[in-house]
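Listed below are the residues making up each chain.
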Amino acid sequence: MSNQSVSGRPPSGLHYFLHKSRKALKTPMPYLAFIGIGIWLLSYFLLNEYWRVSPFYKVPGPVEVVTEWLNKDPIWGTSLFTQDYYINIWVSCRRIFIAFAIATGLGVPLGLFMGWSKKFKDYTFPILETLRPIPILAWVPLAIVMFAGFETPIIYLATLASFFVTALNTMLGVESIDESYFRAAGCLGSKKHHVFLNVVVPGALPFIFTGLQISIGVAWFSLVAAEMISGDFGLGYMIMDSFMVNKYTTMVMAMLTLGFVGWITSAMVRAAGNRMMQWRERALGQGGV
Amino acid sequence: MAQSSKNKKDGKLKSLFTDLTLRRGVFSIVIFLVLWEVGFRFHDWFGIMVPFIGKIDAPSLVAARWSEVVFKPGYWESWYLSFGRVFFGFMVAQLVGIPVGLLMAVNKYFRGMFFPPFEILRPIPPLAWVPASIIFWPTTELSIMFVTFLGAFYTIVINVLGGARSIDVQYLRAAQSMGATQWDLFRKIILPGTLPSIFIGAAVGMGITWEVVLAAEMISGGGQQSGGGLGFFIWSSYMGGVMDQVIVGMISIGLAGYISSSLIRYVGYISMPWKRMF
Amino acid sequence: MSATAAAVTGNGASGKGAISIRNVTKIYDPGGADVLALDDCSLEIASGEVCMIVGPSGCGKTTLLNAIAGFHSITEGQIDLDGEMLCGPGKELATQGADRVVVFQNGALFPWKTLAENVAYGPIVQGIMNKAEARDKAEALLAEAGLGGVADKYPGEVSSGMARRAEIVRALINDPKVLLLDEPYRAMDALTKSIMHESLLEVYDRTKVTIFFITHDLEEAIFLGDRVVVMTTRPARTKKIVDVKIDRPRDYRLLSSEEFRILVQETKEAVHEEAVKAFEAGERELA
């Protein structure tokens with residue numbers, strides 16, 4: 001939460017974007033980033049591929065991975081041009097989407113009511129808090145027993161992980177709303193449902209979206225673990241499977257793909273949040289609140 | 001004065017038993033346990049088919065199994081092994097993560113160079129590193145610890161960096177106007193100013209550490225020795241078909257995680273006296 | 001302009017908004033230790049009066065406002081509005097309603113609604129107007145207050161002075177009997193504040209709504225008020241009531257007049273005495 005960047009997206013428009021980039025190029029930051037990434041890639045290359053220092057050489061180096069990745073006829077059977085690469089990505093993304101949708105659909109309303117009604121919180125929160133310290137991965141055997149097949153247990157684990165985060169952050173979001181907004185709504189003649197729709201929901205949105213950002217991260221975290229332990233498809237399975245049969249190049253490729261896809265999904269959540277919180281965006285653009 | 005503080009204490013004790021919140025909480029947990037027990041025994045709740053939870057061993061069975069297991073040395077050895085890995089990975093992550101975070105916060109060039117690669121690697125979930133780590137490190141033990149370290153490392157760096165950068169510039173200016181050296185600024189302002197975020201990062205990092213240790217133990221089969229940690233305890237119980245023991249393992253690891261995060265909160269409370277006012 | 005204004009708010013003539021506070025006592029209970037915030041406090045506010053409340057920090061001024069608005073209960077006594085009991089024996093907490101609208105210390109425009117949406121909110125939720133009507137009305141009133149150009153901005157995008165004026169418009173659209181203001185101009189610089197004062201005076205001259213105004217600023221109190229009520233340090237009681245017999249409409253030239261200076265002096269003496277007491281009590285509490 002404390003690590004959330006405050007800047008937000010600038011107001012859209014190509015002009016604004018160009019202006020921003022021109023300004024950024026005058027600072028040393030983009031050049032430093034270039035050097036930093038360069039150093040990282042170069043040392044990765046030298047240690048793993050060129051000098052083959054032990055034990056680095058055991059993990060495939062960047063040139064090998066990229067060549068394989070772009071190979072139309074891949075040595076280990078998987079690259080940008082093979083179908084199973086995309087099947088694995090698709091399967092993982094679909095699982096994440098389902099899990100994230102269920103977790104958000106359940107977690108946000110639950111969190112809203114917990115934050116809004118003390119009584120409701122008193123009854124529900126203790127159960128949540130009792131279950132929460134149990135690491136998601138500890139649920140693997142139970143998930144397999146409770147649900148049949150491959151698919152449902154994996155989705156269940158990813159859902160559970162992001163559900164806790166979402167519900168908790170939503171609750172904190174409602175609790176963070178300044179009392180004076182409730183009072184203002186009250187003295188303007190609001191009924192309870194007006195307060196809920198006009199104060200509780202929009203007031204909690206910033207926290208909800210912070211929560212959703214974390215929640216999609218933990219959903220990926222659990223999904224990968226679940227796929228590694230018991231999967232038939234998906235990026236986690238791809239990593240574990242290529243490890244088992246010593247296709248290490250494919251394994252590194254899968255890791256990088258995973259990072260990229262994970263990053264895209266969280267960028268999507270961030271964009272959705274910015275869209276829904278115009279009032280915050282515009283105030284920040286002004287350097288205001 | 002003494003009288004009033006005594007009254008307060010009495011009030012606290014009394015409120016522990018009469019507290020509405022507590023009563024409601026206990027009530028709903030009891031209901032939960034009863035539904036679970038009934039669901040397992042009769043496979044329906046008073047006429048309603050029980051979904052999912054009916055297949056899971058009832059609390060009474062779990063309790064019985066637990067009272068058996070606590071007398072087995074293997075159970076406690078699992079605790080010991082998991083705690084050891086968590087502690088080691090967590091400590092290394094702190095020792096590396098805090099300086100790296102602080103360095104990124106105070107030196108713009110260092111940050112400009114090393115933050116981008118850090119951000120590129122961060123979206124890869126720590127567990128995806130397990131196989132690579134097994135290939136890389138000579139022993140399974142080391143590879144588990146490496147993944148554990150990685151899990152906590154990102155969170156710690158991000159929190160330290162964010163915390164140090166959010167320190168009000170006015171404090172630094174005030175100190176400079178009183179003639180503070182760079183070292184003074186670092187030691188007297190940046191370090192204590194970052195402490196709250198260090199502890200937030202530690203608490204979150206501890207949670208991730210437990211997740212990772214557990215998963216790594218499950219994936220790698222618990223190391224060379226038999227009985228390799230609570231994750232392995234759960235996994236082998238599952239493989240052996242002893243479901244009530246799986247739940248014992250789950251609760252144990254939940255407990256272990258809770259103990260660790262309470263410890264961090266306690267250390268945070270001790271080391272930040274200025275944050276104690278409520 | 002005045003035609004629409006009269007249609008919106010016609011309180012003064014019909015004589016609404018008389019508040020009668022009788023022997024009100026409030027005891028807080030934060031964690032076992034009883035705190036007496038209001039002690040047998042009585043005050044009559046006439047319909048259409050601007051009643052300014054001053055007193056040391058934490059003395060219980062806001063407690064009184066909260067009791068009228070229905071945010072807090074009272075322990076003893078009774079508060080009436082136009083002869084009807086708001087709270088009193090058998091009904092400790094007043095029902096919140098749009099006949100007593102509050103303008104808050106730090107501003108409480110909903111940051112997630114534009115100024116026009118904020119203003120239109122009251123009539124919509126009360127079911128008095130539909131969305132389009134409320135929206136038209138809100139825009140008209142904002143334009144009247146000189147905020148027509150920023151009606152579609154969010155509160156975070158406009159200056160604090162604009163936001164505060166919009167908040168008063170949001171209150172007035174409900175045609176309230178009483179406007180309750182809790183140090184609304186506290187955090188403003190002197191120049192903005194003086195503009196706020198003139199704008200509030202203009203609103204008052206037009207609507208003659210009863211105003212219950214809490215402040216720390218004595219010059220503000222005398223410049224705006226018909227009466228200035230000085231409260232004692234906690235537990236709060238009325239210590240002194242200063243009548244401000246200065247004709248309306250008033251403007252900034254009043255600030256440099258002799259009679260204004262004398263009134264400020266008179267009030268200041270009473271307040272200072274209580275402030276010293278409050279300060280010493282605070283030191284005793286910490287010791």
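Residues numbered from 1 in each chain as written. Chains lettered and ligands numbered in written order. Predicted model: local features only at pLDDT ≥ 70, side-chain atom pairs only at ≥ 80, totals over all residues.

## Let's talk about the overall build of chain A
Looking only at helices and strands, chain A features twelve helices and zero strands. What you see in chain A, going N to C, is helices and strands ordered as α-α-α-α-α-α-α-α-α-α-α-α. Here the C-alpha coordinates of chain A stretch approximately 75 × 60 × 30 Å along the principal axes. When contacts within chain A are restricted to residue pairs at least 6 apart in sequence, long-range pairs at least 24 apart make up 67% of them. (Helix = DSSP H or I, 4+ residues; strand = E, 2+ residues; numbered from the N terminus. Contact = placed C-beta atoms within 7 Å.)

## Considering the overall build of chain C
Regarding its fold elements, chain C presents nine helices and ten strands. The C-alpha radius of gyration computed for chain C amounts to 19 Å, which stays within 12% of the reference 19 Å derived for 287 residues, consistent with globular compactness. Each principal axis of the C-alpha distribution contributes one length, and for chain C these read about 55 × 50 × 40 Å. The proportion of buried residues among the 287 residues of chain C is 47%. Within chain C, contacts between residues at least 6 apart in sequence are counted, and of these 73% link residues at least 24 apart. (Rg over C-alpha atoms; globule rule 2.2 N^0.38 Å. Buried ≥ 20, exposed ≤ 12 C-beta atoms within 10 Å, placed from the backbone.)

## Describing the sheet that holds strand β10 (residues 238-243) of chain C
All names here are of chain C. Read from one edge of the open sheet, six strands run β6-β7-β8-β3-β9-β10, paired in mixed fashion. This sheet does not close on itself; its edge strands, each paired only once, are β6 (100-103) and β10. In this sheet, adjacent strand axes meet at a mean angle of 20° when their direction is disregarded. Sheet topology places strand β3 (residues 50-54) next to strand β9 (residues 227-231); four bridges connect them, and they run parallel. (Pairing = 2+ DSSP bridges. Axes fitted to C-alpha atoms, helices over the stretch in contact; angles between N-to-C directions.)

## A short note on the domain arrangement of chain A
By domain assignment, chain A separates into domain 1 (12-58) and domain 2 (64-285). The C-alpha-based centres of domain 1 of chain A and domain 2 of chain A are spaced at 29 Å. (Domains from an automatic or database assignment.)

## Focus: helix α3 (residues 61-69) of chain C
In terms of burial, α3(C) is a largely internal element, eight of the nine residues being buried. Remark: G70(C) follows α3(C) within two positions and exhibits a positive phi of approximately 90°.

## Some remarks on unusual backbone geometry
Following S54(A), the chain continues into P55(A) via a peptide bond in cis, with omega recorded as 0°. Take P55(A): it is sitting in the loop between α2 (29-50) and α3 (62-69). Omega for the peptide link from R248(C) to P249(C) comes to -10°, which places this bond in the cis form. Mapped onto the elements of the fold, P249(C) is located in the loop between β10 and α9 (258-286). Phi at R52(A) takes a positive value of approximately 55°, unusual for a residue other than glycine. With respect to the helices and strands, R52(A) occurs in the loop between α2 and α3. R52(A) gets classed as exposed once you count the C-beta atoms within 10 Å, which come to 12.

## What to know about the sheet that holds strand β5 (residues 84-87) of chain C
Residues and elements named next belong to chain C. Spatially, β2-β1-β4-β5 is the arrangement adopted by the four strands of the open sheet, whose pairing is antiparallel. Of all the strands in the sheet, the pair left with one neighbour each is β2 (35-45) and β5. For this sheet, the mean inter-axis angle between neighbouring strands, taken without regard to orientation, is 30°. Bridge count between strand β1 (residues 19-28) and β2: seven bridges; the pairing is antiparallel.

## Looking at the packing of helix α9 (residues 192-229) of chain A against helix α10 (residues 235-244) of chain A
Residues and elements named next belong to chain A. Between α9 and α10, the shortest axis-to-axis distance is 7 Å and the interhelical angle comes to 45°. In this view, α9 runs oblique relative to α10, as classed from their interaxial angle. Relative to α10, α9 is oriented so that their crossing is right-handed. Here α9 contributes L223, V224, A225, A226, E227 and M228 to the contact with α10, which in turn contributes L235, G236, Y237, I239 and M240. The residue inventory of the contact of α9 with α10, partitioned by class, reads nine nonpolar, one polar and one charged. (Parallel < 35°, antiparallel > 145°, perpendicular 65-115°, else oblique. Left-handed = near helix turned anticlockwise from the far one by under 90°. Nonpolar A, V, L, I, M, F, W, Y, C, P; charged D, E, K, R; others polar.)

## Re the pairing of strand β7 (residues 178-182) of chain C
Working note: regular strand, side chains alternate between the two faces of the sheet. Residue and element names in this part refer to chain C. Most of β7 sits out of view: five of its five residues are buried. Taking every second residue as pointing to the same face, both faces of β7 are buried, with V178, L180 and D182 on one and L179 and L181 on the other. In this region the chain leaves β7, passes through helix α7 (residues 190-207) and returns to the parallel neighbour strand β8 (residues 210-214); the handedness of that crossover is right-handed. (Right-handed = clockwise from strand over helix to strand, strands pointing away.)

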